[in-house]
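Observations on chain architecture
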Amino acid sequence: MSEKISKFFIRIMLLIYIGLLGLGVFLGTFGKLESPSYILAFALALAMLALIWVFRQRLGRLLGRIRLPGPFLTGLVLSLFCLLLNLAWVLYFQIEPTVDFQTFNDTALAIARNERVDMLYIGLFPHILGYSTFLGLMMRLLGESAMLAPVLNVVLTLISGLCIYILCLRWLELKAAAAAFFLWSICPSKLMYNAMVMSEPLYTCLILLFLLLLSLALDRKLHRRLRLLAAIPLGLACGALLLAVNATRPVAVILFVAFFIWALLLRGRQLKELKSWLVLAAFTLSMFGAYSYCDRQWFRWEYLHIFERTSDIPAYNIYVGLNMDSLGSYSEEDMDTLMNYRYQGGAVYAQEQMLEEVKERLSSGEIDFPRLFAAKLAKLMGNDEGGAFYAQAELSPLAFKLSSAVSNVFYYFVVLLSLFGALRLFKKPVFSTVYLAPLYSIGLILAHLIVEVSGRYKYSLIPMLIIMAVFAFGEFETKDMMNAEKD
């Protein structure tokens, strides 16, 4: 009975995932007929997928002849490929930090030099301090080279790739895991972003590490006693990782919600196993304990640099997200409103006043919610040319168009595969922590229908799309993926 209940909720969740992803791409392509380049890129991606489908038998025989050397050596080769490709790119393509990226860089330099940071702006957006602290500490250790942030991005990309690879090894077979690592390594937008001083590579890496430790703790691959012993240290590590994620980008609440949906609804027959609940309880309590402790320590560090309390309510981001003139994207007018309140009082006061502005905007009757949500969904999920956009100043017009086109073709190809992967899991549900990937994706997409939206905010979704994509062709057990436990 518990398996039937889980399958029911798994299929509902996957339908939501397919609907949001499919609608986002549709609105970003066929909803923008004035920009035919998107439709052309989608058509090329669809043609690539069609060719694979037509020649699937020949490709299957060809891939069947390929003998990978084993998980360790395959991972080592792919790691070297990922490292060399991404390192070569950041050495070749260098870009001066501007706007938000300049804020990260300046704050990191101040931390590295034990100087006072710009409290006025960071007090309103304390997550800036998270990435800047990481980068600033690295500057103390390794120097203040302009290449430090890009090289660190490459290292973070490699760690993320290894996490994707190991996760897929746990859920799928070797060739699918290798394909996932390869797709992540060559992702064009990620290559472009790596040259920039930005927090996305860091918090995405932290999220993937969280998913990996969660899988080690709760996917049934070990003896139950070993899992019970491992649940506590792994829970502590996951709690620390979630705090690090939240300090860098406030999305930990999405991971918490995804975790509890999975734990309470999607675990199949484990829902009626007392010993499984004991492992889950030990892990969850440890995770919350570590998160609470690390949160207190981070609050002290934050206060030492900002010298004031910060608000837990992202009222400004919600206010911008409801702006019909900018369709939920950055608005200079809204920023001026926020800064006016900032000058009148502290960060908490400014966000409290912005919350009143949110209420007024909601009650104004001027918001066309269907149009707003459609525009924001298209902005977030409709294409993946953000890397080229932010690097536009360093690119020739032709290079910009080519970079955008290649990024979009790759993105649409992965999205299509991801939709097929979700359909395979819909048809043959399994019970494992793999569902944290689509659950996090759903949560992040829905959150950005409320708050401010930008194309680069889906950076952390690319690994989730890739993981779901390899389920389109990877071999996986059609029953309980967690029944390998030895009693």
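Scroll up to find the structure.
Residues numbered from 1 in each chain as written. Predicted model: local features only at pLDDT ≥ 70, side-chain atom pairs only at ≥ 80, totals over all residues. Heavy atoms only, no water.

Focus on the overall build of the protein chain
Per the secondary structure count, the protein chain includes 22 helices and zero strands. Here the C-alpha atoms of the protein chain give a radius of gyration of 23 Å, agreeing with the 23 Å that 2.2 N^0.38 yields for 487 residues. Overall, the protein chain is about 65 × 55 × 55 Å in size when its C-alpha atoms are taken along their principal axes. Here the protein chain holds 487 residues, and 55% of them are scored as buried. Within the protein chain, residue pairs in contact and separated by at least 24 positions form 82% of the contacts whose partners lie at least 6 positions apart. Carbon together with sulfur atoms contributes 67% to the accessible area of the protein chain, which is approximately 21,800 Å² in total. With 42 positive and 36 negative side-chain charges, the protein chain shows a separation of 17 Å between the mean positions of the two kinds. (Helix = DSSP H or I, 4+ residues; strand = E, 2+ residues; numbered from the N terminus. Rg over C-alpha atoms; globule rule 2.2 N^0.38 Å. Buried < 20%, exposed > 50% of the residue type's maximum accessible area, 1.4 Å probe, protein only. Contact = heavy atoms within 4.5 Å. Areas by Shrake-Rupley, 256 points an atom, 1.4 Å probe, with all protein chains shown as cover. Lys, Arg positive; Asp, Glu negative; His and termini not counted. Charge placed at Lys NZ, Arg CZ, Asp CG, Glu CD.)

A short note on empty space enclosed by the protein
Scanning all chains against the criterion turns up two cavities of 30 Å³ or more. As a volume, the largest cavity reaches approximately 50 Å³. Lining of the largest cavity is provided by Cys-187, Ser-189, Lys-190, Tyr-193, Asp-384, Gly-455, Arg-456, Lys-458, Tyr-459 and Ile-462. Top contributing element to the lining of the largest cavity by residue count: helix α10 (residues 188-193), with three residues. Of the residues in the lining of the largest cavity, the class split is four nonpolar, two polar and four charged. What lines the second largest cavity is simply Leu-218, Arg-227, Trp-262, Arg-267, Gln-270, Ser-276, Val-279 and Leu-280. (1 Å grid on protein atoms, 1.4 Å probe; cavity = no way out; pocket = protein on both sides within 12 Å on 5 of 7 lines; lining within 4 Å. Points joined across faces, edges and corners; volume = space filled by probe spheres on them. Nonpolar A, V, L, I, M, F, W, Y, C, P; charged D, E, K, R; others polar.)

Examining the pattern of salt bridges
In this structure the tally under the stated criterion is six salt bridges. Where Glu-144 meets Arg-113, a salt bridge forms, and the shortest distance between an N and an O atom there is 2.8 Å. With Glu-144 in the loop between α7 (128-142) and α8 (148-171) and Arg-113 in the loop between α5 (99-112) and α6 (119-122), the pair connects residues that are 31 residues apart, well separated along the chain. When its relative accessible area of 43% is taken as the criterion, Arg-113 is described as partly exposed. Residues participating in the shared-partner salt-bridge network are Asp-100, Glu-200 and Arg-456. (Salt bridge = Lys/Arg side-chain N within 4 Å of Asp/Glu carboxyl O.)

What to know about helix α22 (residues 461-470)
Counting along an α-helix, one turn takes 3.6 residues, and residues three or four places apart therefore face a common direction. The element α22 is largely enclosed, with a buried count of ten among its ten residues. Looking at α22, one finds that the buried residues are Leu-461, Ile-462, Pro-463, Met-464, Leu-465, Ile-466, Ile-467, Met-468, Ala-469 and Val-470.

Some remarks on the packing of aromatic side chains
For the coordinates displayed, the defined rule picks out 26 aromatic pairs. Plain terms: the ring middles of Phe-256 and Tyr-291 are 5.3 Å apart, the flat faces sit at 85° to each other, and that makes the pair edge-to-face. A residue pair is termed long-range when its members are at least 10 positions apart, and Phe-256 in helix α13 (residues 252-265) and Tyr-291 in helix α14 (residues 274-306) qualify at 35 residues. Both residues of the pair, Phe-256 and Tyr-291, count as buried. (Phe/Tyr/Trp six-rings, centres within 6.5 Å; stacked < 30°, edge-to-face > 60°.)

Focus: the side chain of Ser-407
For Ser-407, the location among the structural elements is in helix α20 (residues 397-427). Overall, Ser-407 belongs to the buried group, its relative accessible area being 2%. Ignoring sequence-local partners within four residues, the contact set of Ser-407 consists of Pro-188, Ser-189, Asp-384 and Glu-385.

Quick look at helix α11 (residues 200-218)
For α11, which comprises 19 residues, the first-to-last C-alpha distance of 27 Å matches the rise-based estimate of 27 Å (1.5 Å per residue) to within 8%. The buried fraction of α11 amounts to 17 of the 19 residues, a majority that puts the element mostly inside the structure. (Expected span 1.5 Å × (residues − 1).)

Quick notes on a nonpolar patch on the surface
Side chains of Leu-228, Phe-260, Leu-264, Leu-274, Trp-277, Leu-278 and Phe-288 sit close together on the surface and give an oily, nonpolar patch of about 650 Å² of accessible area. Take the nonpolar patch: its biggest share by element is four residues, from α14. Structurally, the position occupied by Trp-277 is in helix α14. Using a relative accessible area of 31% as the deciding quantity, one classes Trp-277 as partly exposed. (Patch = residues over 30% accessible without salt bridge, like charges linked within 9 Å, V, L, I, M, F, W, Y side chains within 5 Å.)

As for the state of the cysteines
Tallied over the full model, the rule gives zero disulfides. Cys-168 takes part in no disulfide bond, and the closest cysteine sulfur, belonging to Cys-163, lies 11 Å away. Between Cys-205, a cysteine without a disulfide, and Cys-163, which holds the nearest cysteine sulfur, the sulfur-to-sulfur distance is 5.7 Å. (Disulfide = S-S within 2.5 Å.)

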